[in-house]
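# Descriptive analysis of the structure
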Amino acid sequence: MMKIKIAIPSKGRISEPSINILEKAGLGLIDKNNRRLISKTYNKDIEVMFARASDIPGFVHDGVVDMGITGVDLIEESESDVLELLDLRFGQTKLVIAAPDESNINSINDITTDLTIASEFPTLTKKYLKKHDLDLKIVKLSGSTEAAPFIGVADLISDLTSTGTTLKMNHLKIIDTILESSIVLITNKENYEKKKILIDAVNTSIKGVLDAERKKLIMMNVKEKDLNKVKDVMPSMAGPTISEVLSKEKTVAVQAVINEDEVFELVNDLRTAGAKDILVVPIERII
Ligand SMILES: Nc1ncnc2c1ncn2[C@@H]1O[C@H](COP(=O)(O)OP(=O)(O)OP(=O)(O)O)[C@@H](O)[C@H]1O
Ligand SMILES: O=P(O)(O)OC[C@H]1O[C@H](OP(=O)(O)OP(=O)(O)O)[C@H](O)[C@@H]1O
Ligand SMILES: [Mg+2]
C-alpha cells in the first residue's frame, strides 16, 4: 500500500499558512491540536510531520519524508537536491547584502576583502561573494543580524527583507540581491518516481486551491430575451453554463467562473444587461 509523509513547519510565520493550505486542499489535520510530531490527515494514506522549516529541505533530500513545505532560501542554503513542484505564493522575501546607510559602500564593486559580513545564510553568501571573486570573513549568526554592524560584529550583513521595515529601522541600505525566495512544495526525487500517483494528487489539489483563490463563481437569473446581452458581457473560463429555470416568464440561470478583479465591473455590466438575483460565491478548489 502506497503511503506518503509531508513535512510542514512546526513554528514560525509559515506554519499556520501551510496547515491552512493543506486543509483547503482536503488534507486537514485530524489531531492538529495535539501538535504531535506526526499527524494523520483526512486521507488515510497521507501523514504530516512537523519539523523546523530549516530542517525540512534535508529531510526531503534524504527521503525521510516524501514531500515538504519550506522556503527556497532554506533549500538553497542547505544545498538540498529536491524537486520543486509548486510555488505556494506566500512567504515572499529577498536575501540581500546590506550596509549601514552612512557607509560609502553603494554597490558590489565597493566591497573589499578586508570587510566582514554577518549572516544567517553563510553558504549562499559565500557562493555569491565567490562569484564576484570576493573572499570575505563571514560571521554566522542565528537571528537579529541587522544589529551586527552597530555592535561591531561585522561591517556588512546579508539577511532577508520583505517589507524593508527592519532594514530601515536599523539604518541599513540594500547593496545587492543574492536570492529571491518564496515558500514552495517540494518532493524527494526518487520517492517521486515510486509514489508518483499520490504525490501528483497532493500537488494537483494544492494547485487547485491556489487557482481558486483568485476566482469567484458568479450566478444569476436572466430572462430569455436578455440572454444575448448578458452573454456578451460575460468573460468565462469554459462556459457560461446556462440552465432553464421553471417560472412563468421564460428565465434561465447563468453561471460562470470569473477572476476576482473582474467582479466589481462585471456585476454592474450584468445588471445593465438585465441579469437578476446575482450571486458571487467563493470557490474552494479548481481541479
Ligand atoms: N520577513 C519575512 N517575510 C516573508 N518571509 C519570510 C520573512 N522572514 C522569513 N521568511 C521566510 O519564512 C521561512 C521560514 O523561516 P523561519 O523558520 O526562520 O521562520 P520565522 O517565522 O522567521 O521563525 P523564527 O522566529 O524562528 O525566525 C523562510 O523560508 C523565510 O524565507
Ligand atoms: O523586511 P521586513 O518585513 O522587516 O522583514 C525582514 C525581517 O524578517 C525576518 O526576521 P524575523 O522576524 O524572522 O526575526 P529573526 O531575525 O529572529 O529571524 C528577517 O530575518 C528580517 O529580520
Ligand atoms: Mg526568522
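Residues numbered from 1 in each chain as written. Chains lettered and ligands numbered in written order. Predicted model: local features only at pLDDT ≥ 70, side-chain atom pairs only at ≥ 80, totals over all residues. Heavy atoms only, no water.

The name given to the protein chain in an unreviewed UniProt entry is ATP phosphoribosyltransferase, with Methanobrevibacter oralis as the source organism. UniProt annotates the protein chain under Sequence similarities (unreviewed entry) with the comment "Belongs to the ATP phosphoribosyltransferase family. Long subfamily." According to its UniProt record, the protein chain has this under Cofactor (unreviewed entry): "Mg(2+)". (UniProt positions renumbered as here; feature names shortened; annotations may be inferred.)

Take the overall build of the protein chain next. When you go through the protein chain residue by residue, the secondary structure sums to nine helices and 15 strands. What you see for the protein chain is a C-alpha radius of gyration of 25 Å, clearly larger than the 19 Å of a compact globule of 287 residues, by over 25%. For the C-alpha atoms alone, the extent of the protein chain along its principal axes is close to 85 × 50 × 35 Å. By the burial criterion, 44% of the 287 residues in the protein chain qualify as buried. Considering only contacts within the protein chain whose residues lie at least 6 apart along the sequence, 69% involve residues at least 24 apart. (Helix = DSSP H or I, 4+ residues; strand = E, 2+ residues; numbered from the N terminus. Rg over C-alpha atoms; globule rule 2.2 N^0.38 Å. Buried < 20%, exposed > 50% of the residue type's maximum accessible area, 1.4 Å probe, protein only. Contact = heavy atoms within 4.5 Å.)

Every residue lining ligand 2 is accounted for by Arg 13, Glu 120, Ser 144, Glu 146, Asp 159, Leu 160, Thr 161, Ser 162, Thr 163, Gly 164, Thr 165 and Thr 166. At 2.5 Å from an oxygen atom of ligand 2 is found a side-chain nitrogen or oxygen belonging to Arg 13. In this structure, Thr 166 approaches ligand 2 through a side-chain N or O atom, which is 2.5 Å from an oxygen atom. Surface burial for ligand 2 is 65%, taken as the share of its 490 Å² of free accessible area covered by protein chains. Most atoms of ligand 2, that is more than half of them, are within 2 Å of grid points of the largest pocket. Among the secondary structure elements, those contributing two or more residues to the shell around ligand 2 are strand E9 (156-161) and helix H5 (165-169). Ranked by the residues each element gives to the shell around ligand 2, the list is headed by E9, at three residues. (Near = heavy atom within 4 Å. Polar contact = N/O pair within 3.5 Å; in protein donor to acceptor, adjacent residues only side chain to side chain. Areas by Shrake-Rupley, 256 points an atom, 1.4 Å probe, with all protein chains shown as cover. 1 Å grid on protein atoms, 1.4 Å probe; cavity = no way out; pocket = protein on both sides within 12 Å on 5 of 7 lines; lining within 4 Å. Sits in = over half its atoms within 2 Å of the grid points.)

Before going further, it helps to examine the sheet that holds strand E13 (residues 241-245). Strand order in this open sheet of four strands is E13-E14-E12-E15, and the pairing throughout is antiparallel. At either margin of the open sheet sits one strand with a lone partner, and together these are E13 and strand E15 (276-282). Recorded for the sheet is a direction-independent mean angle of 20° between the axes of neighbouring strands. Where E13 lies against strand E14 (residues 251-259), five bridges are found, and the strand directions are antiparallel. When the bridges of E14 are listed, Val 245 appears paired with Thr 251. (Pairing = 2+ DSSP bridges. Axes fitted to C-alpha atoms, helices over the stretch in contact; angles between N-to-C directions.)

Cross-referencing UniProt, the feature "domain: ATP phosphoribosyltransferase catalytic" (unreviewed entry) maps to residues 52-207 in the present numbering. Helix makes up 29% of residues 52-207 and strand 30%. Its end C-alpha atoms lie 24 Å apart.

Under the defined criterion, the tally for this structure stands at 12 salt bridges. As a salt-bridge pair, Lys 5 and Glu 47 come within 4.0 Å of each other at their nearest N and O atoms. Residue Lys 5 is located in strand E1 (residues 4-9), and its partner Glu 47 is located in strand E3 (residues 46-51); the two are separated by 42 residues in the primary sequence. Among the residues examined, Glu 47 registers a relative accessible area of 28% and is labelled partly exposed. Its salt-bridge partner being Glu 260, residue Lys 216 comes within 3.5 Å of it at the nearest N-O pair. Taken together, the residues span a long stretch of sequence, with Lys 216 in strand E12 (residues 215-223) and Glu 260 in the loop between E14 and helix H9 (263-273) at a distance of 44 residues. Judged by its relative accessible area of 41%, Glu 260 is partly exposed. Salt bridges linked by common partners bring Lys 3, Lys 44 and Asp 45 together as one network. (Salt bridge = Lys/Arg side-chain N within 4 Å of Asp/Glu carboxyl O.)

Attention shifts here to the site of ligand 1. What surrounds ligand 1 is a group of 14 residues, the closest being Arg 13, Arg 52, Gly 71, Asp 73 and Thr 93. The side chain of Arg 52 places a nitrogen or oxygen atom 3.3 Å from an oxygen atom of ligand 1. At 2.5 Å from an oxygen atom of ligand 1 is found a side-chain nitrogen or oxygen belonging to Asp 73. Expressed as a share of its isolated accessible area of 610 Å², the protein-covered part of ligand 1 is 69%. Spatially, ligand 1 is embedded in the largest pocket. Of the residues contributing to the shell around ligand 1, the split by class is five nonpolar, six polar and three charged. (Nonpolar A, V, L, I, M, F, W, Y, C, P; charged D, E, K, R; others polar.)

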